[in-house]
Amino acid sequence: MQNHLLAMRGICKQYPGVIALDDVTLEIAPAEIVALIGENGAGKSTLMKILGGVVARDQGVVELNGQLVEITSPLAASQHGIEFIHQELSVLENLDVAGNIFLRREPTYGGFLKLIDRPKMYANADAALRRVGLDISSRTATSSLSIAQRQLVEIARCLNSGARLLIMDEPTSSLTLTETRRLLDIVKELKAQGVSVIYITHRLDEVEAIADRVVGLRDGRNAGGLSKAEITRDRMVKQMVGRELKDYYAPPVGKAGQPGNEHWLLVKGLRTLRYPEHEISFSVAQGEVLGFAGLIGAGRSEIARALFGADPMIAGAVHLNGQLLKLASPRDAIAAGLYLAPEDRRQSGLVIDFSIRDNITLPALKSYANAGLIDSNRETARASEMMQTINVKAPNAGVRVGNLSGGNQQKVVLARWLALAPKVLIFDEPTRGIDVGAKAEIYGLIRQLSAQGVAVIVISSEMEEVLNLSDRIAVMHEGRITGILSRDQCNEEAVMRLATGGKP
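Residues numbered from 1 in each chain as written. Predicted model: local features only at pLDDT ≥ 70, side-chain atom pairs only at ≥ 80, totals over all residues. Heavy atoms only, no water.

(A) Representation of the side chain of E288 within the structure. Within the fold, E288 resides in the loop between β14 (280–284) and β15 (289–294). Within the structure, the side chain of E288 is placed 2.5 Å from the side chain of R472, a separation counted as a polar contact. (Helix = DSSP H or I, 4+ residues; strand = E, 2+ residues; numbered from the N terminus. Polar contact = N/O pair within 3.5 Å; in protein donor to acceptor, adjacent residues only side chain to side chain.)

In structure tokens, the structure reads:
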């Protein structure tokens, strides 16, 4: 390729114990739409953070129009004509829509007084809103808008800046089908106007619809590319996966499908707040590990929160060992023996300023009380026993949980539920942010629970993890279960095909 608008060459970035990017190259031509694809953790976000001036690269060069540049901040990126549309919205609720669209670029008059020309700002903002098909006044308070409307306001802001290179990170994740089609039309219009676009998405049908070229990343390295004529769903899936299953697979040791217990946990017609229009039904056998795979935003965590009573169920029925459960709150789930180790253990799974002992005994304080007074010696004895059972590395049960490593914090969450003899245990991203040694211990504990007859659900964005642990895998895409794979059907390509909306 010649006459590059952008060339990133030899980009390397390393964090303690992790090589995020290893000699990555990305080149973009003027008026070109390039789809950047890869599994979760492939390095896409790190590469874009370097381009956006959020993090510094360790090695490599960045060129714009053939000139070496140093992009040291998001403001510098914007000054170079690089704008971002993030999956996490960055609109300001205390401003009206026009204020968000023209933030840092307000039209002014009055010379050195720099008074904001509000009639001009509102007129131009209304035009920008029409361009993205959003039929509201630019005087509308941003706080009153829906998530989809806020997403379109952010897109309008970037388009209004005169960007030469637009990076769109999962831009349609909050949009309806109609709004998505409009956005794809906008991307094509931008190309016709000479704007280049880096389009990051897990929705491969969108890539097929608009991309001129595909660049794949895998494990922090370039995984190859596809020209427009080569872009197909199967080729993209292969490029994203690209690994031999035998290098990662170790057979599960659970007791899936014990006679008479195939439907130990039975979920029928579950509707969540995130995807109220879709019904979810599945079952988990006693002693089985059911993995839930899918890309970010597929709706897996919402199922876990609904089953635990943390979020209300719009509809549905949950049976445990043939008994209908009422799950209006976590208290109900705990009473039934259904427990959740949440994705964000620091915010949702632990009381960080409490001790290990207090965190382990918290859900069952009444069982440690005599005449209404807590017996701290019994608490300490039980917590110490659980610490030894699952190898929590700390001097004693009185240590503040916030002082532990991520792996040991996860073990404390697990110790809490193991102390209550779980019937069903749900793990949401069980090894996120913990080291390899702690991962192996968590895997061993999950397999041990399965062998003891506990029904285990594992939600994970790590492909090898869900394959390594699961007896069966339920794969989700945009709020639906697109397929449930038996052990002999489980491989990375089959999971990724279902996770991107394909058929088995």
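That was the structure; now back to the text.
(B) View of empty space enclosed by the protein. With the rule as written, the count across this model stands at three cavities of 30 Å³ or more. What lines the second largest cavity is a set of 14 residues, among which G294, L295, S461, M463 and M496 lie closest to the centre. Put simply, the parts of the chain that give the lining of the second largest cavity at least two residues each are β15, α16 (463–469) and α17 (492–499). No other element matches α17, which puts three residues into the lining of the second largest cavity. (1 Å grid on protein atoms, 1.4 Å probe; cavity = no way out; pocket = protein on both sides within 12 Å on 5 of 7 lines; lining within 4 Å. Points joined across faces, edges and corners; volume = space filled by probe spheres on them.)

(C) Structural view of the sheet that holds strand β3 (residues 33–37). Reading across the sheet, the six strands line up as β6-β9-β10-β3-β11-β12 and stay open at both edges, with mixed pairing between neighbours. Of all strands in the sheet, those bounded by a partner on one side alone are β6 (82–85) and β12 (221–227). Strand after strand, the sheet turns through a mean of 20° between neighbouring axes, direction not considered. In this sheet, strand β11 (residues 213–218) lies alongside β3 in parallel orientation, the contact comprising four bridges. Within β11, the residue paired with L36 across the bridge is V215. Packing against the sheet, helix α8 (residues 233–241) makes contact with β3, β11 and β12, and its axis sits at approximately 30° to β11. (Pairing = 2+ DSSP bridges. Axes fitted to C-alpha atoms, helices over the stretch in contact; angles between N-to-C directions. Contact = heavy atoms within 4.5 Å.)

(D) Quick look at a nonpolar patch on the surface. On the surface, a nonpolar cluster with roughly 350 Å² of combined accessible area is contributed by V351, F354, L362, L365 and I374. Its place among the elements puts I374 in strand β20 (residues 373–374). The exposure class of I374 is partly exposed, given its relative accessible area of 41%. (Patch = residues over 30% accessible without salt bridge, like charges linked within 9 Å, V, L, I, M, F, W, Y side chains within 5 Å. Areas by Shrake-Rupley, 256 points an atom, 1.4 Å probe, with all protein chains shown as cover. Salt bridge = Lys/Arg side-chain N within 4 Å of Asp/Glu carboxyl O. Buried < 20%, exposed > 50% of the residue type's maximum accessible area, 1.4 Å probe, protein only.)

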